[in-house]
Amino acid sequence: MLKPPTIPNTFGFNFDNSYLRLPEMCYSKQLPTPVIKPEMLLFNEELATQLGIKGENNLLAQVLTGNVIVEGSEPIAQAYAGHQFGYFTMLGDGRAHLLGEHITPLKSRFDLQLKGSGPTAYSRRGDGRATVSAMLREYVMSESMHALGIPTSRSLAVVNTGEIVIRELYHRGAVLTRVAGSHLRVGHFEFMNKAGNVEAYKIFLAYTIQRHYPHLTTTKNPALSLLEEVMHNQIRLVIDWMRVGFIHGVMNTDNMSISGETIDYGPCAFMNTYNPETVFSSIDKDGRYAFINQPGIAQWNLAVLAGALLPLISTNKEEALAAAQEIINTFPSLFEKGHQQMMLNKLGLKGNLGDDKLIESLLELMTHLKLDYTNTFYALTVGNREYFTQHDALETWYDEYQLAVKNDNAEVRLKLMQQTNPAFIPRNHIVEEALELAALNNDTTHVQSIIQTMKKTYDYNYNNETYRRVPQNDNTYKTFCGT
Ligand code: AMP
Ligand code: MG
């Protein structure tokens with residue numbers, strides 16, 4: 001196998017690879033496997049500018065497939081484990097290479113990671129590669145999430161590899177460059193705990209805290225404080241997902257970030273018709289990761305994190321368990337409180353007596369009448385009475401709602417609702433059509449149009465009917481893991 005050559009850093013990369021200073025068990029030094037014909041398919045100019053990265057497209061395509069290595073980059077694959085659909089497995093980056101941590105001109109630290117860049121020590125039976133449509137999908141979804149104001153990894157580029165990837169069918173291959181606060185996962189802690197080297201684990205804990213929660217360094221019990229902070233961030237994240245109808249689809253512990261960013265976009269999708277049981281992923285047969293199960297699964301994942309942290313919480317097992325349990329037990333009430341506030345915001349309510357009932361009855365009506373999640377809250381925000389007069393029960397609800405908000409400041413309410421309710425989402429059929437066009441014809445115009453459109457998702461003066469239209473066969477939509 002050809003080894004990628006090293007070239008001078010003329011791109012503005014500013015690498016500081018702190019991960020390499022961790023114990024060696026945490027990673028494996030790995031070079032990407034060069035691809036036949038790297039061709040830039042999509043490049044995020046705006047993000048590149050923020051990062052302070054620039055360069056000629058053909059050369060960047062070489063860099064962002066790993067065909068060449070820029071001076072200062074020391075590619076690694078990270079070791080981690082995870083519970084996948086409830087079952088523990090040893091994992092690791094099986095098709096991803098961390099080029100390094102890039103320090104931006106404003107001194108923020110971001111992982112720059114290639115996905116689909118070839119096999120690693122952790123690939124198991126995988127080929128280390130990725131399809132162009134799966135990588136574009138991650139690009140579109142993550143950039144949409146960013147536009148929606150939800151913490152997420154970002155996408156810098158998708159580069160064609162000129163190679164074929166075999167899944168059920170033949171696909172064109174591509175490499176995605178993603179940018180994240182870090183790729184530290186709950187699964188990293190499971191891995192460190194399983195390895196049983198407490199000294200190494202302590203170093204890893206200190207590293208994580210320094211990187212994401214530096215204010216916890218001096219707390220009485222940093223491991224316990226970390227658990228609590230991660231829990232708060234995950235609660236916030238899942239509430240945000242539910243605010244916009246996002247279903248992650250594969251909330252395995254290895255896909256759950258410690259920083260509270262949305263990561264590992266696989267079979268994710270946005271819900272159209274409101275149905276709490278919605279599942280899109282074809283492999284999620286039991287609906288483990290259904291829309292409404294997301295908070296419960298987040299708590300389950302946090303319990304796994306708690307379990308992994310026990311040896312660092314206390315050498316006294318019972319004490320450690322009791323302390324961790326106490327934190328995890330606060331999850332339901334914290335989630336409920338945050339979720340309730342989010343729903344109040346969606347309706348522009350202040351939390352007066354009877355408001356809970358209004359939320360509950362609206363959701364019930366939406367389920368029963370199979371109403372579109374985004375469009376219903378859009379109609380409520382813009383005060384489209386006609387939308388609510390389609391059904392008697394809905395009209396009655398609307399009248400009750402009007403009565404409830406009668407004495408409120410309409411301007412304040414409108415502002416809150418406009419900030420909470422996206423005017424549109426990247427509809428599944430629009431995303432699929434755009435991906436197909438790109439995968440078949442190398443034409444990314446529609447993909448780019450989605451990303452541009454999503455930047456206006458809270459702009460209520462921007463009238464985008466196309467993104468509000470919902471197709472008839474919506475409830476049969478499926479996403480696949482054949483990535
Ligand atoms: P995911 O479900 O995409 O989060 O992936 C779960 C695990 O499988 C991770 O460790 C991935 O690195 C690995 N993996 C997924 N696809 C491939 C592939 N094509 N080749 C090697 N490893 C893979
Ligand atoms: Mg993953």
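Up top is the structure.
Our subject in this report is the structure included herewith. Numbering of residues starts from 1 in each chain and follows the order in which that chain's sequence is written. Going through the entries in the order they are written, you letter the chains from A and number the ligands from 1. Whole-chain, interface and lining totals are the exception, using all residues; otherwise, since this is a predicted model, local features are given only for residues with pLDDT of at least 70 and side-chain atom pairs are given and counted only at 80 or more. As a rule here, side-chain values come from all non-hydrogen atoms in the structure, and water together with hydrogens is ignored.

**Description of the overall build of the protein chain**
Moving on, step 1. Think of it this way: any DSSP run of H or I at least four residues long counts as a helix, any run of E at least two long counts as a strand, and we number them from the N terminus. Counting its secondary structure elements, the protein chain contains 16 helices and 13 strands.
Moving on, step 2. The C-alpha atoms of the protein chain give 23 Å as radius of gyration, which agrees with the globular expectation for 483 residues (23 Å, within 12%).
Moving on, step 3. C-alpha atoms of the protein chain, sized along the principal axes, occupy 70 × 60 × 45 Å.
Moving on, step 4. For the protein chain, the residues scored as buried account for 58% of the 483 residues in total.
Moving on, step 5. Between two residues, a contact is recorded if the distance between any of their heavy atoms is within 4.5 Å. Of the contacts formed within the protein chain by residues at least 6 apart in sequence, a portion of 72% connects residues at least 24 apart.
Moving on, step 6. Residue-level accessible areas treat just the shown protein chains as cover; the underlying method is Shrake-Rupley with a 1.4 Å probe. Entry remark: accessible area of the protein chain is about 20,800 Å², with carbon and sulfur atoms responsible for 52%. Radius of gyration: C-alpha atoms only; globule rule: 2.2 Å multiplied by the number of residues to the exponent 0.38. Per-residue accessibility, obtained with a 1.4 Å probe over protein chains only, is compared with the maximum for each type, and a residue is labelled buried under 20%, exposed over 50%, and partly exposed between these values.

**Overview of the packing of aromatic side chains**
Moving on, step 1. The rule is short: rings of Phe, Tyr and Trp, with Trp giving its six-membered ring, pair when the centres are within 6.5 Å, and they are stacked under 30 degrees, edge-to-face over 60, tilted in between. Scanning the entire structure with this criterion turns up 24 aromatic pairs.
Moving on, step 2. Seen in terms of ring centroids, Tyr387 and Phe388 are 5.2 Å apart; in terms of plane orientation they differ by 70°. Their pairing is edge-to-face.
Moving on, step 3. On the accessibility criterion, Tyr387 (16% relative accessible area) is buried.
Moving on, step 4. Judged by relative accessible area, which is 0%, Phe388 ranks as buried.
Moving on, step 5. Both rings, one in Trp397 and one in Tyr401, keep their centres 5.3 Å apart while their planes meet at 10°; by these two values the pair is stacked. Highlighted residues: Trp397 and Tyr401, both in helix 13 (residues 392-405), separated by four residues, approximately one helical turn. In this pair, the class of Trp397 matches that of Tyr401, namely buried.

**Some points on the coordination of the magnesium ion (ligand 2)**
Moving on, step 1. Within the first shell, the magnesium ion (ligand 2) binds the protein through Asn255 (OD1) and Asp264 (OD), at distances of 1.9 to 2.1 Å.
Moving on, step 2. Take Asp264: its relative accessible area is 13%, and that puts it in the buried class. Metal donors: N, O and S atoms at distances within 2.8 Å, or within 3.2 Å for Na, K and Ca, with water omitted from the atom set so that some sites may seem incomplete.

**Describing the packing of helix 9 (residues 331-347) against helix 10 (residues 355-368)**
Moving on, step 1. Inter-axis angles, ranging from 0 to 180 degrees, are taken between N-to-C directions of lines fitted to C-alpha atoms, where helices are fitted over the stretch in contact. Their axes nearest at 10 Å, the elements helix 9 and helix 10 cross at an angle of 80°. Comparing the axis directions of helix 9 and helix 10 gives the class roughly perpendicular. Where helix 9 approaches helix 10, its residues Gln340, Met343, Leu344 and Leu347 are matched on the opposing element by Asp355, Asp356, Leu358, Ile359, Leu362 and Leu363.
Moving on, step 2. For the contact of helix 9 with helix 10, a count of residues per class yields seven nonpolar, one polar and two charged. Any angle from 65 to 115 degrees is called roughly perpendicular, while one under 35 is roughly parallel, one over 145 is roughly antiparallel, and all others are oblique. By the convention adopted, Pro, Cys, Tyr, Trp, Phe, Met, Ile, Leu, Val and Ala count as nonpolar, Lys, Arg, Asp and Glu as charged, and the other residues, Gly among them, as polar.

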